[in-house]
Amino acid sequence: MLYKLDILLSTYNGEEFLSAQIDSLLCQTYSYWKLIIRDDLSSDGTMSLISEYKNKYPDKIFVLDNQSVRRGVIGSFKCLLEASTARYVAFCDQDDIWTPDKLLLQVEKMRELEAIHGESVPMLVHTDLSVVDDQLELINESFWKYQHLNPDKMSSLPRLLVQNCVTGCTVLINRPLVELALPIPEGVIMHDWWLALIAVSEGIVCDMKISTVKYRQHDNNDTGARQWNLEFVMRKIWQGREPMLLSLVKTQAQAKGLICVGELSDINRRIVEKYISLYSRNWLMRRIEILRSGFFKHGIIRNIAMLLRV
């Protein structure tokens, strides 16, 4: 079978919801894919479940062998990305549900972009999600609205350096982006953010205004969806300055990795260098550079909080 697309799935103690996710992959209307799974040393029945599916669908499901080290989310997806060979790559979480036309719609969009810009251009296509509880009851039809995000206003290099708007389980990338993304350097906060930064600085990021994933919100989420409301804002204020400052310093370390990737344009290199040096400047010059270069988060409240605390 001709595999044009690799789905990368990292698992860890995901026995409870994994079957529903894999079943949703098997129901995809786009069929030219294979699923590559890496388990991060689960202690529950995850590997037994994976073995059952592998035996039942040997031409569709492949498992990385000899995994003797727990690597965490980023390290696990790094191993999967290194094992991928297909033209397109999609990322999958163990506890969500994909809509049947997810891959078909995204592949069509990717091919449309490649027809316009060329197949050698690094590209990333991502979508919205619907937020559901552990029983798949709808919490909010739009993850973007739930978290007060607007990818249209956030998909520029200055803004992506500060705040991510790309959710990994909705992402489809092409082979040129894979080649630029590897090796994933130290300091990367999350693999989806890293891919988005490379795509926006070297190629194209496209957000599709549709929901293709039921994003299951439960206690064991590695990175959960938290509703953006007054309670959330007040909780952040109560935490004080240090958590936000630490978060911004981590984005600076992540930005350093971009300097060594591909051939950044002079404009983008200057943007990244300004961001890297931002926190070594004095109080006044730091804020002037934020305003001048557009290193903003999304929303007035987030930006006021950032300007008060950096």
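Source: prediction; values computed, not measured.

Participant: Looking at this structure, how should I read the overall build of the protein?
Facilitator: Counting its regular elements, the protein contains 14 helices and nine strands. Scaling as 2.2 N^0.38, a compact globule of 310 residues should have a C-alpha radius of gyration of about 19 Å, and the protein matches this with 20 Å. C-alpha atoms of the protein, sized along the principal axes, occupy 65 × 45 × 40 Å. Of the contacts formed within the protein by residues at least 6 apart in sequence, a portion of 78% connects residues at least 24 apart. For the protein, the accessible surface area stands at approximately 14,500 Å², while carbon and sulfur atoms represent 54% of it. Distance between charge centroids for the protein: 8 Å, based on 36 positive and 38 negative side chains.

Participant: Could you clarify how one ought to interpret the packing of aromatic side chains in this entry?
Facilitator: The relative placement of two aromatic rings is captured by the distance of their centres and the angle of their planes. The full count for this structure, using the stated rule, is six aromatic pairs. Within the aromatic cluster, the residues linked to one another by ring pairs are Tyr275, Tyr279 and Phe295. Its guanidinium or amino end placed over the ring of Tyr32, Lys4 lies 5.1 Å from that ring's centre, counting from NZ or CZ. The ring of Trp98 carries Lys102 above its face, with NZ or CZ at 4.0 Å from the centroid.

Participant: Even after reading the chapter, I still don't get the pattern of salt bridges, so can you show me in this structure?
Facilitator: In a structure, side chains of opposite charge can pair up when their charged atoms sit close to one another. Tallied over the entire structure, the rule returns ten salt bridges. Measuring nitrogen to oxygen at the nearest pair gives 2.5 Å for the salt bridge that ties Lys209 to Asp207. In this structure, Glu289 and Arg292 form a salt bridge, with 3.0 Å as the shortest nitrogen-oxygen distance. Residue Glu289 and its partner Arg292 are located together in helix α13 (residues 283–293), separated by three residues, close to a single helical turn.

Participant: Just to check I follow, could you spell out the pairing of strand β9 (residues 204–216) for this structure?
Facilitator: Consecutive side chains along a regular strand alternate between the two faces of the sheet. Note: strand β5 (residues 97–98) against β9, two bridges, orientation antiparallel. The residue of β9 that forms the bridge with Ile97 is Lys214. Relative to β9, strand β6 (residues 123–132) runs parallel, the two being bridged by nine bridges. Residue pairing for β9: Asp128 is matched across the bridge by Ser211.

Participant: Which parts of the structure should I look at to understand unusual backbone geometry?
Facilitator: Note the cis peptide between Leu182 and Pro183, where omega equals -5°. Here Pro183 is to be found in the loop between α8 (175–181) and α9 (191–202). Backbone geometry places Asn13, a non-glycine residue, at a positive phi of 45°. Its place among the elements puts Asn13 in the loop between β1 (5–11) and α1 (15–26). Its relative accessible area of 31% is what places Asn13 among the partly exposed residues. The phi dihedral of Leu136 is positive, around 70°, even though this residue is not glycine. Inspection of the secondary structure assignment puts Leu136 in the loop between β6 and β7 (138–140). The exposure class of Leu136 is partly exposed, given its relative accessible area of 32%.

Participant: Before we go on, may I ask you to explain the side chain of Gln94 in this structure?
Facilitator: Checked against the element boundaries, Gln94 lands in the loop between β4 (88–92) and β5. One polar contact links the side chain of Gln94 to the main-chain amide nitrogen of Tyr12, over a distance of 2.8 Å. Dropping the residues within four chain positions of it, Gln94 is found in contact with Leu9, Ser10, Thr11, Tyr12, Asn13, Gly14, Phe17, Leu18 and Gln21.

Participant: It is not clear to me how the packing of α13 against helix α14 (residues 300–309) should be interpreted in this structure. Could you clarify?
Facilitator: Angle between the axes and distance between the axes: these two values describe a pair of packed helices. At a minimum axis separation of 9 Å, α13 and α14 run at an interaxial angle of 150°. In this view, α13 runs roughly antiparallel relative to α14, as classed from their interaxial angle. The residues of α14 that touch α13, namely those facing Arg287, Ile290 and Leu291, are Met306, Leu307, Leu308 and Arg309. By residue class, the composition of the contact of α13 with α14 is five nonpolar, no polar and two charged.

Participant: I tried to follow a negative patch on the surface on my own but got confused; where do I start?
Facilitator: Together, Glu15, Glu16, Asp44 and Asp134 make up a region of like negative charge exposed at the surface. Within the secondary structure layout, Glu16 lies in helix α1.

Criteria and cut-off values
- Per chain, the residues get numbers from 1 upward, laid out in the order the sequence is written.
- Since the coordinates come from a predicted model, pLDDT governs what is reported: local features require at least 70, and pairs of side-chain atoms require 80 or more to be given and counted, while whole-chain, interface and lining totals use all residues.
- Hydrogens and water are ignored here; the side-chain numbers use all heavy atoms of the structure.
- Starting at the N terminus, helices and strands are each numbered in turn, a helix being any DSSP run of H or I of at least four residues and a strand any DSSP run of E of at least two.
- Note that the radius of gyration is over C-alpha atoms, with the globule rule given as 2.2 Å times the number of residues to the power 0.38.
- Working rule for contacts: check all heavy atoms of both residues, and any pair within 4.5 Å makes them a contact.
- Note that accessible areas follow from Shrake-Rupley with a 1.4 Å probe, and for residues the cover is restricted to the protein chains shown.
- Counting rule applied: Lys, Arg positive; Asp, Glu negative; His and chain ends not counted.
- Every charge is mapped onto a representative atom, which is NZ of Lys, CZ of Arg, CG of Asp or CD of Glu.
- Planes of paired rings set the category: under 30 degrees apart is stacked, over 60 is edge-to-face and the rest tilted, where pairs are Phe, Tyr or Trp rings (Trp by its six-membered ring) whose centres lie within 6.5 Å.
- Comment: the charge-over-ring label is applied if NZ (Lys) or CZ (Arg) is within 6 Å of the ring centre and within 35 degrees of the ring normal.
- For this document, the term salt bridge refers to a Lys or Arg side-chain nitrogen within 4 Å of an Asp or Glu carboxyl oxygen.
- Any two strands between which DSSP finds at least two bridges are classified as paired.
- Whether a residue is buried, partly exposed or exposed follows from its accessible area with a 1.4 Å probe, protein chains only, as a fraction of its type maximum: under 20%, in between, or over 50%, in that order.
- Any pair of nitrogen or oxygen atoms within 3.5 Å is treated as a polar contact; in protein, a donor-acceptor pairing is required on top of that, and neighbouring residues in sequence qualify only through side-chain atoms on both sides.
- Angles run from 0 to 180 degrees between N-to-C directions of axes, and those axes are lines fitted to C-alpha atoms, restricted for helices to the stretch in contact.
- If an angle is under 35 degrees, it is roughly parallel; if it is over 145, roughly antiparallel; if it lies from 65 to 115, roughly perpendicular; otherwise it is oblique.
- Each residue gets one of three labels, nonpolar for Ala, Val, Leu, Ile, Met, Phe, Trp, Tyr, Cys and Pro, charged for Asp, Glu, Lys and Arg, and polar for the others, Gly among them.
- Only residues whose relative accessible area exceeds 30% and that form no salt bridge enter a patch; like-charged residues are grouped when within 9 Å of one another, and nonpolar side chains (Val, Leu, Ile, Met, Phe, Trp, Tyr) when within 5 Å.

Function cannot be inferred from these measures alone, as they are strictly geometric.
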